[in-house]
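The lines below spell out each chain.
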Amino acid sequence: MEKFIYLFRGGQNHAHNAKNSQAAADNMKAWMTWMDGLAKKGILQGGEPLQPTGKQVSGKNKVVTDGPFVEAKEMVGGYLIVQAKDIDEAVEFSKGCPIFAEEGKLEVRPLQKMDM
C-alpha cells in the first residue's frame, strides 16, 4: 500500500465557517460522514482542515509576509492522508468527497518515500 495526500481547493463552504449557516453545517456533516467511511475501511491515515490565514517565509533572506495570497477557489482548505494500492485507487476513493457538490477541487498526490 502507498500513501497519498488529498489537497482540497475551493468550494463554497469551509470548516472555518461551518457554524455560520445551515448550508455550511450540512456540508460539514457530509464531510464527517465521508471521512468516517474512509476510516472504517482503513483508508484514512489522518488530516486536518486549514485556517484561511497564515504566514509565508520565502527566499534566502527568509522574508516573512502575511498569506496565503491566492484566489479563494485556489486556496488549500485542508488535506487528508490516505492509503491505497495505487494512484488510480486513491482517485476512486476521492470521488465520494463532498467538495465536488460545491464546485471545489481535490488534488491527489503520491507521498514520496524517503530513506532517512
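The structure presented is a predicted model; accordingly, all values stated were derived computationally and were not measured.

J.: Could you give me a rundown of the overall build of the chain, with the residues and numbers involved?
T.: Scanning the chain for helices and strands turns up 2 helices and 6 strands. Along the chain, from the amino end to the carboxyl end, the secondary structure elements read β-α-β-β-β-β-α-β. Seen through its C-alpha atoms, the chain measures out along the principal axes to roughly 45 × 45 × 20 Å. In the chain, which comprises 116 residues, the share counted as buried stands at 28%. In the chain, once contacts between residues fewer than 6 apart in sequence are set aside, the share between residues at least 24 apart is 73%.

J.: Got a sec to walk through the pattern of salt bridges? Specific residues and values, please.
T.: Inspection of the entire model under this criterion finds 5 salt bridges. Among the ionic pairs, Asp36 bridges to Lys40, the shortest N-O distance being 3.1 Å. A residue pair is termed a helical-turn pair when its members lie 3 or 4 positions apart in one helix, as Asp36 and Lys40 do in helix 1 (residues 22-40) at 4 residues. For Lys40, a relative accessible area of 69% translates into the label exposed. Linking Lys55 and Asp66 is a salt bridge whose minimum nitrogen-to-oxygen distance equals 2.7 Å. Of this pair, Lys55 sits in strand 3 (residues 54-58) while Asp66 sits in strand 4 (residues 63-67), placing them 11 residues apart in sequence. Among the residues examined, Lys55 registers a relative accessible area of 62% and is labelled exposed. Taking relative accessible area as the criterion, Asp66 reaches 45% and is therefore assigned partly exposed.

About the thresholds
- Residues numbered from 1 in each chain as written.
- Predicted model: local features only at pLDDT ≥ 70, side-chain atom pairs only at ≥ 80, totals over all residues.
- Heavy atoms only, no water.
- Helix = DSSP H or I, 4+ residues; strand = E, 2+ residues; numbered from the N terminus.
- Buried < 20%, exposed > 50% of the residue type's maximum accessible area, 1.4 Å probe, protein only.
- Contact = heavy atoms within 4.5 Å.
- Salt bridge = Lys/Arg side-chain N within 4 Å of Asp/Glu carboxyl O.

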